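# Inside the fold
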Amino acid sequence: MSIAFVPGSFDPMHLGHLDVVDQALEVFGAVVVGVLHNPSKPSGLFTPEERVALAQQTVGNRSNVTVGAFSGLAVQAAAEAGADIIVKGLRTMSDFDIEQQMAQNNVALTGIRTVFVPCRPDLAYISSRFIREISSQGISIDHMVDPAVSVALQVKHGEATS
Ligand code: PNS
């Protein structure tokens, strides 16, 4: 069994992310989900702690999947987690352009390689950015996220308007 590191901002985690976790789990047997926490650049809708909690709720009771926060480089966090490989999902060709450069940097730095998995076609349109934007207008994003994330978005947007 190998350990796959799946990094991301996860602001918030959605069903496209979950599919990448499931694909990584199927191929490698164990997954560490790494939620980027950049203390020098606080941004995003959810705090890093909230994003970790929502990712944990989204992965649910899957065996061999853990979730944690990391700062700094994803490849350093992967090495610290004892991961053998980084797994990233690709939706579009523009995803590939940047991901390929990151993968090449990462392998040059540490020897840890990146495997790309294609997103499920029915989930490829989903992005955290659009989820934040759509849900801020009170429109349902229930088909894109775990129910816990849907509730958290409603609460977050309620806090913003109250
Ligand atoms: O969900 P996102 O925002 O597409 O995830 C991007 C993420 C967090 C995976 C990427 O920005 C990242 O790995 N950032 C950490 C810093 C890093 O490792 N940069 C790459 C240097 S080659």
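This write-up is about the structure you can find in this document. (Residues numbered from 1 in each chain as written. Predicted model: local features only at pLDDT ≥ 70, side-chain atom pairs only at ≥ 80, totals over all residues. Heavy atoms only, no water.)

## Focus on the site of the ligand
Around the ligand sit P7, G8, S9, L36, G72, L73, A74, K88, M102, N105 and N106, and those are all the residues in its vicinity. Contact between the ligand and S9: an oxygen atom at 2.5 Å from a side-chain N or O atom of the residue. A distance of 2.8 Å is found between an oxygen atom of the ligand and a backbone nitrogen or oxygen belonging to A74. Contact with the protein chains removes 67% of the 550 Å² of surface that the ligand exposes when unbound. When residues of the shell around the ligand are traced back to their parent elements, those giving at least two are β1 (2–8) and α4 (93–110). (Near = heavy atom within 4 Å. Polar contact = N/O pair within 3.5 Å; in protein donor to acceptor, adjacent residues only side chain to side chain. Areas by Shrake-Rupley, 256 points an atom, 1.4 Å probe, with all protein chains shown as cover. Helix = DSSP H or I, 4+ residues; strand = E, 2+ residues; numbered from the N terminus.)

## Quick word on the nonpolar core
Judged by nonpolar contacts, the single largest core of 21 residues is most densely connected at V6, V21, V31, V33 and V87. Sorting the residues of this core by element identifies β1, α1 (15–28), β2 (29–36), α2 (48–59), β3 (65–70) and β4 (85–90) as the ones contributing at least two each. If you tally residues by element for this core, the top one is α1, at 6 residues. Dropping the residues within four chain positions of it, V33 is found in contact with V6, F10, M13, V21, V65, T66, V67 and G68. (Core = buried A, V, L, I, M, F, W, Y, C linked by side-chain atoms within 4.5 Å. Buried < 20%, exposed > 50% of the residue type's maximum accessible area, 1.4 Å probe, protein only. Contact = heavy atoms within 4.5 Å.)

## Things to note about the sheet that holds β2
With parallel pairing, 5 strands are arranged side by side in an open sheet as β3-β2-β1-β4-β5. Pairing within the sheet leaves two strands with one partner each, and these edge strands are β3 and β5 (113–118). Each strand axis lies, on average, 30° off the axis of its neighbour in the sheet, ignoring direction. Looking at chain direction, β2 and β3 are connected through 6 bridges and run parallel. Looking across to β3, one finds that V31 is bridged to V65. Sheet strands touched by α1: β1, β2, β3, β4 and β5. Its angle to β2, the strand with the most contacts, is close to 145°. (Pairing = 2+ DSSP bridges. Axes fitted to C-alpha atoms, helices over the stretch in contact; angles between N-to-C directions.)

## Things to note about unusual backbone geometry
Residue P12 is reached from D11 by a cis peptide bond, and omega for that bond is 0°. Note that P12 resides in the loop between β1 and α1. Although it is not a glycine, F10 adopts a positive phi angle of roughly 50°. On the accessibility criterion, F10 (3% relative accessible area) is buried.

## Points about the packing of aromatic side chains
A complete count under the given rule lists 2 aromatic pairs for this structure. Aromatic side chains F5 and F70 sit 5.7 Å apart centroid to centroid with 70° between the ring planes, which places their arrangement in the edge-to-face category. Taken as a pair, F5 in strand β1 and F70 in strand β3 lie far apart in primary sequence, 65 residues in all. Neither F5 nor F70 differs from the other in exposure class; each is buried. Measuring from centroid to centroid gives 5.9 Å for F96 and F116, while their planes differ by 75°, and the two rings are edge-to-face. Remark: F116 occurs in strand β5 and F96 occurs in helix α4; sequence separation between them is 20 residues. Under the relative-accessibility criterion, F116 is labelled partly exposed at 26%. (Phe/Tyr/Trp six-rings, centres within 6.5 Å; stacked < 30°, edge-to-face > 60°.)

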